[in-house]
Each structure stands twice: as C-alpha cells, then as structure tokens.
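# Residue-level structure breakdown
Single-letter residue listing:
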Amino acid sequence: MHDNTLPVKYRMGFTNMVARATPGSKDLSSKELREGGKILVEKLKKFKPLIAVFNGKCIYEMFCRELFGKKPQNLEFGLQPHKIPDCDV
C-alpha cells in the first residue's frame, strides 16, 4: 500500500524480473527472463541500490544464467560473489 514511499524514505524498492504473474518461476520463458534481466540491470544502474535481493534461489539462478551465461555453482543463501557489470551491485 505504501510502496511509493519506500525508495525515498528507506532507499528501498521492489520490482519483478517479469511483469506477468505465473504460478512459479519455471513457467517463465528464456526470452522473458532475458528481456526482464536486461530491464532489471538497467533499473539497478539507474537507481544504484546498495544491494539487490532476489526472492528465492531459483529466480537468481535464472537471472545469472541469462546475464552471465551460466547458473552459479554451490549457491547458498546470502551475499553472492557475482557483480552486475557496470553497476555497484
């Protein structure tokens, strides 16, 4: 309800990699993830958050596969070693 105040008040915002609702991330096509990943990277470059948080390992793996060409090995919850090109995140 108050999402529009979060960026200014707390430097926090929410977004999705893909705009359409799905039962699960496995229902997203590679094309949707590729395009959504590019849009997400542009948002990260524009708003320069200190950290980006993904809601689940699966969607982060998909993001990495589309952005870096491979999914991370031995993925654990927490801070990840990958950095998004041309961005501080």
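Structure: above.
Residues numbered from 1 in each chain as written. Predicted model: local features only at pLDDT ≥ 70, side-chain atom pairs only at ≥ 80, totals over all residues. Heavy atoms only, no water.

Moving on: the packing of helix α2 (residues 30-47) against helix α3 (residues 57-68). It is the contact of α2 with α3, at a shortest axis distance of 9 Å, that shows an interaxial angle of 85°. In terms of orientation, α2 and α3 fall into the roughly perpendicular class. Between α2 and α3, the residues in contact are Ser-30, Leu-33, Arg-34, Gly-37, Leu-40 and Val-41 and Ile-59, Met-62, Phe-63, Arg-65, Glu-66 and Leu-67, respectively. The residue makeup of the contact of α2 with α3, split by class, is seven nonpolar, two polar and three charged. (Axes fitted to C-alpha atoms, helices over the stretch in contact; angles between N-to-C directions. Helix = DSSP H or I, 4+ residues; strand = E, 2+ residues; numbered from the N terminus. Parallel < 35°, antiparallel > 145°, perpendicular 65-115°, else oblique. Contact = heavy atoms within 4.5 Å. Nonpolar A, V, L, I, M, F, W, Y, C, P; charged D, E, K, R; others polar.)

What follows is about the packing of aromatic side chains. In this structure the tally under the stated criterion is two aromatic pairs. Relative to Tyr-60, the ring of Phe-54 lies with its centre 5.1 Å away and its plane at 65°, an arrangement referred to as edge-to-face. Centre to centre, the rings of Phe-54 and Phe-63 are 5.0 Å apart; their planes meet at 45°, and the pair counts as tilted. Each residue in the set Phe-54, Tyr-60 and Phe-63 is aromatic and connected to the rest through ring pairs, giving one cluster. Residue placement shows Lys-57 over the ring face of Phe-77; its charged tip is 4.5 Å from the ring centre. (Phe/Tyr/Trp six-rings, centres within 6.5 Å; stacked < 30°, edge-to-face > 60°. Lys NZ or Arg CZ within 6 Å of the ring centre and 35° of its normal.)

On to the pattern of salt bridges. This structure, assessed with the given rule, holds two salt bridges. Where Glu-42 meets Lys-45, a salt bridge forms, and the shortest distance between an N and an O atom there is 3.8 Å. Pair noted here: Glu-42 and Lys-45 are both in helix α2, with a separation of three residues, about one helical turn. With relative accessibility at 47%, the residue Glu-42 sits in the partly exposed group. (Salt bridge = Lys/Arg side-chain N within 4 Å of Asp/Glu carboxyl O. Buried < 20%, exposed > 50% of the residue type's maximum accessible area, 1.4 Å probe, protein only.)

A few words now on the nonpolar core. With twelve residues, the main nonpolar core is built from Met-17, Val-18, Leu-28, Leu-33, Leu-40, Val-41, Leu-44, Ile-59, Met-62, Phe-63, Ile-84 and Cys-87. Going through the elements one at a time, α2 and α3 are the ones with two or more residues in this core. Here this core gets four residues from one element, more than from any other, and that element is α2. Excluding residues within four positions of it along the chain, Leu-28 makes contact with Val-18, Arg-20, Thr-22, Leu-33 and Ile-59. (Core = buried A, V, L, I, M, F, W, Y, C linked by side-chain atoms within 4.5 Å.)

On to unusual backbone geometry, then. The phi dihedral of Asn-74 falls on the positive side, at around 55°, and the residue is not glycine. Of note, Asn-74 is situated in the segment after α3.

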